[in-house]
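Residue-level listing of the chains:
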Amino acid sequence: MLDKTYDAHSVEQKLYEGWDKAGSFAIGGRDNAEPFTIVIPPPNVTGSLHMGHALNNTLQDILIRRERMRGRDALWQPGTDHAGIATQMVVERMLEAEGANRRDLGRDAFIDRVWTWKAESGGLISRQLRRLGASADWSRERFTMDEGLSKAVLKVFVDLYQQGLIYKDKRLVNWDPKLLTAISDLEVQQQEVNGHLWHFKYPIEGQEGRFITVATTRPETMLGDTAVAVHPDDERYKDLIGKHAVLPLVGRRLIIVADDYADPEQGTGAVKITPAHDFNDFEVGRRHDLEMVSVMDREARITGDVPGAYKGLDRFEARKKIVEDMEAEGLLAGIEDHVHMVPYGDRGGVPIEPYLTEQWYVDAATLAKPAIEAVEQGRTRFVPENWTKTYYEWMRNIQPWCISRQLWWGHQIPAWYGPDGEIFVAHSEEEAGAAAAEHYGKAVDLERDPDVLDTWFSSGLWPFSTLGWPDETPELKRYYPTDVLVTGFDIIFFWVARMMMMGLYFMGEVPFHTVYIHALVRDEKGQKMSKSKGNIIDPLDLIDEYGADALRFTLAALAAPGRDIKLSKQRVEGYRNFATKLWNAARYCEMNGCLPDRSFDPASCKETVNRWIVGEMVKLRQQIDGALDAYRFNDAAQAAYQSTWNTFCDWYLEFTKPILNGDDEAAAAETRAATGWALDQLLLLLHPFMPFVTEELWGQLGGEARGDKLIKASWPDYDDGLVDQAAMAEMDWVVRLIQTIRTLRAEMNVPAGAKIPSLLRGMDGETAARLERHRDLVLRLARLETIQASDDTPKGSIQAVVDEATLLLPLADVIDIDQERARLEKEIAKLEGEIKGYDKKLGNEKFLAKAPPEVVEEQRERSQTASQARDRLRDALARLSAA
């Protein structure tokens, strides 16, 4: 006998361990089955489960569980990323607490220390994903620094270098002056800063008293200026193009160049150009072959060919002194308060510097061409489709990819330098030494490049390196290319694009045919979750309080394509109640003998209500399959919810009570079997969304007779002939009639306990026959005293149309019609006032310009909800007025 209440805490760990022990997640048990593959976006090994992970992995698990039940050989490939900067920082903080640092240890000992940390603490997020119910094949778990993946990284680097697609170059990078490494754009956070815009006057060479005025938010960079740019069509400066200005404080001659980068409408129209310290200026410098003068070192201190007064100063100290000196020389034209965005390193927490340094690069433009063509040809598609445009914009404007990082933890670049700086890229030190000996004619000492590779380099190989490449493994042959990638929009370029480039180059085929881009999980007000706002919702806290199934179903139900999720505890609580509803329905079935019967044939049903529920289950399977095939997780979840809570629990179980309690034993036996069968179908169809409660009910209700766990059961596959259209239409009519009566009662404030008379006018023969067959059901479930045919409309009757007939509820003796009319008018007036307020805000251009998008969306939703409520009340008032 099922317990009175469902206890998720006592069930979830037990079930998960059982699945894992039985090998339920493992591949290879279905040799003739068609493979289905998803690779998990590898979370950082330092990470812990956040709500983005919970959403991402819930959606993947729904797809994997369904395909497994459909008979596919489903591989969900798990693993973690070595997360270069993040991991190195974790271990460095540990050393700092011990009064040591990595340089005290030395590189090899430090790396050993990181591996020790990884062994002790690096599996946290994998354990947390298990709590979510993730059915990944953990026996195949990979790590981007493990031996096999390191072998793949080594081969890719060497091959690309030998083919001229990896090279060294001196370019600007995002430089973190605290961590002393280049970082990717994804590791840069733009922060709004209340700063200043300083206007400086630069003297024109040979024209005493004439100046060209430029503006800057970073005066310290002026020490590296090598030009001033003006727009070629700007009449104010046409006579100065090709001439020179003189850089104050330094004395360097600055060529005045014509370039479209200068905007005549912005400021003075003249722009100082510092190619070594600004990304846009760097491109201007390349176009005009300007000198690249670097005036900062790795720690953002002033260095190089600058006046001695500034050498060694921190960049912000230099900024202050330069402004003072420019003012002293009479060359400070003005200072404006200026709110602007400043790039900060997300790990170091200080403003990054565009820094001119020699790094390793991938020729991304060459690799991008086939990746663009693959999407153009439809070999890979994005869902929602609008992300295709984002992909094209990034890929068609792609820049060389900086792949070197000045860290110790990561894949060390396989390059060695000879005594004269000659580079030898090889798979091993021995191979490099042999190449060097051949080059120099003798053995020489080599020094290995100390840098490591960008984390995205190894994760870009993830779809095939995890399957054993570069070895030609059976898994690689069977499971590549993968089927779908589920990921967030923020890494389309950093990860998705790189996997496309690498997969096509090394495997000759796209790594996945579909990329599903899910939205962000925000708080209930639509705001982005952040520590500073204090609005972070911890998924593990929700699992502790409501169970994993409730969280999973909530995320699926809210995962509408292209729309961010507004999450609240109340929503999760609501879907916990859904799990409780399912449990209570199962208890009712058990207590009434409605258990699964293997001999039951749904096509054999004679009772209309049973033929109806069979058809509803067929329809539900079609709805869920159609929605999941289109990645409309919310539609699939809502269909499952409505069919379980409304169709099965609220209608079918109520409709069949008289049969189960009646004297017709054949009808009762059929109904018990049909009810048990329908409950089984719901458990099967709900399992991908709510694996724990469904598995528990499956096991307890079926016991030994089932033979296997629900996770291994087959997805329902019905014959279309099971849908009896006549039964579907008849029971649909009963449901709509009862719903209409209930709605009218609620609108007119009819007391819940009052049994009222009702009439149907204008019925045809089929409707009259349906009423006769189901009269008792309608009377009981609509709380009616009577329901009969009538050609008259009694005074004080509320009317509603149900198909060809008109429903009449004579309420003159039940409610005070004038009082109800006044109540409705008052409620309508109140709603119209609210709608007017919302519309006023939404029509205010200043509000739309300043308000965050989530606030604007909230106002629109409130206006829409109020409008719908007002319209319903207007309809009710119209009915009342016609009574």
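Basis of the calculations
- Residues numbered from 1 in each chain as written.
- Predicted model: local features only at pLDDT ≥ 70, side-chain atom pairs only at ≥ 80, totals over all residues.
- Heavy atoms only, no water.
- Helix = DSSP H or I, 4+ residues; strand = E, 2+ residues; numbered from the N terminus.
- Buried < 20%, exposed > 50% of the residue type's maximum accessible area, 1.4 Å probe, protein only.
- Contact = heavy atoms within 4.5 Å.
- Core = buried A, V, L, I, M, F, W, Y, C linked by side-chain atoms within 4.5 Å.
- Arc of directions from axis to C-beta.
- Polar contact = N/O pair within 3.5 Å; in protein donor to acceptor, adjacent residues only side chain to side chain.
- Lys, Arg positive; Asp, Glu negative; His and termini not counted.
- Salt bridge = Lys/Arg side-chain N within 4 Å of Asp/Glu carboxyl O.
- 1 Å grid on protein atoms, 1.4 Å probe; cavity = no way out; pocket = protein on both sides within 12 Å on 5 of 7 lines; lining within 4 Å.
- Points joined across faces, edges and corners; volume = space filled by probe spheres on them.
- Nonpolar A, V, L, I, M, F, W, Y, C, P; charged D, E, K, R; others polar.

## Digging into the overall build of the protein chain
Okay, step 1: Secondary structure summary: the protein chain contains 28 helices and 29 strands in total.
Okay, step 2: Its C-alpha atoms give the protein chain principal-axis dimensions of roughly 105 × 65 × 55 Å.
Okay, step 3: Scored against the burial criterion, the 883 residues of the protein chain give a buried share of 55%.
Okay, step 4: Sequence separation of 24 or more characterises 78% of the internal contacts of the protein chain that already satisfy a separation of 6 or more.

## With respect to the nonpolar core
Okay, step 1: The biggest cluster of nonpolar side chains holds 215 residues, and the ones touching the most others in it are Y391, F457, F553, W612, F648, F655 and F689.
Okay, step 2: Residues contacting W612, with those up to four places away along its chain left out, are T647, W651, Y652, F655, A727, M728, M731, D732 and V735.
Okay, step 3: Among the nonpolar cores identified, the runner-up in size contains 32 residues, and Y202, I204, L247 and V306 belong to it.

## Some remarks on helix α17 (residues 539-546)
Okay, step 1: Taken together, the buried positions of α17 are occupied by P539, L540, L542, I543 and Y546. Considered in projection along α17, the buried side chains sweep an arc of 160 degrees and stay on one side of the axis.
Okay, step 2: At its buried positions, α17 is contacted by α1 (8-21), α2 (51-69), α6 (124-132), α18 (548-558) and α19 (569-591).
Okay, step 3: Taking the backbone nitrogen of L540 as reference, a side-chain oxygen 2.8 Å away marks D538 as the first, capping residue of α17.

## Structural notes on the side chain of D137
Okay, step 1: By the secondary structure assignment, D137 is in the loop between α6 and β4 (142-143).
Okay, step 2: In this structure D137 is buried but unpaired, with R140 as the nearest side chain of opposite charge at 4.8 Å.
Okay, step 3: At 3.2 Å, the side chain of D137 forms a polar contact with the backbone nitrogen of I27.
Okay, step 4: Within polar-contact distance, the side chain of D137 engages the side chain of S139 at 2.5 Å.
Okay, step 5: Contacts of D137, omitting those with residues within four sequence positions, involve F25, A26, I27, L75, W76 and P78.

## Describing the layout of surface pockets
Okay, step 1: Looking at the second largest pocket, its volume works out to about 1,300 Å³.
Okay, step 2: Lining the second largest pocket are 46 residues, and of these T216, T217, R218, D278 and H340 sit closest to its centre.
Okay, step 3: Elements represented by at least two residues in the lining of the second largest pocket include exactly β7 (188-203), β8 (211-216), β12 (270-273), α8 (279-287), α9 (315-328), β13 (332-345) and β14 (353-362).
Okay, step 4: In terms of residues, the lining of the second largest pocket owes the most to one element, β7, which gives 8 residues.
Okay, step 5: Residue composition of the lining of the second largest pocket, by class: 19 nonpolar, 17 polar and 10 charged.

Shape is all these values report; function is a separate question.
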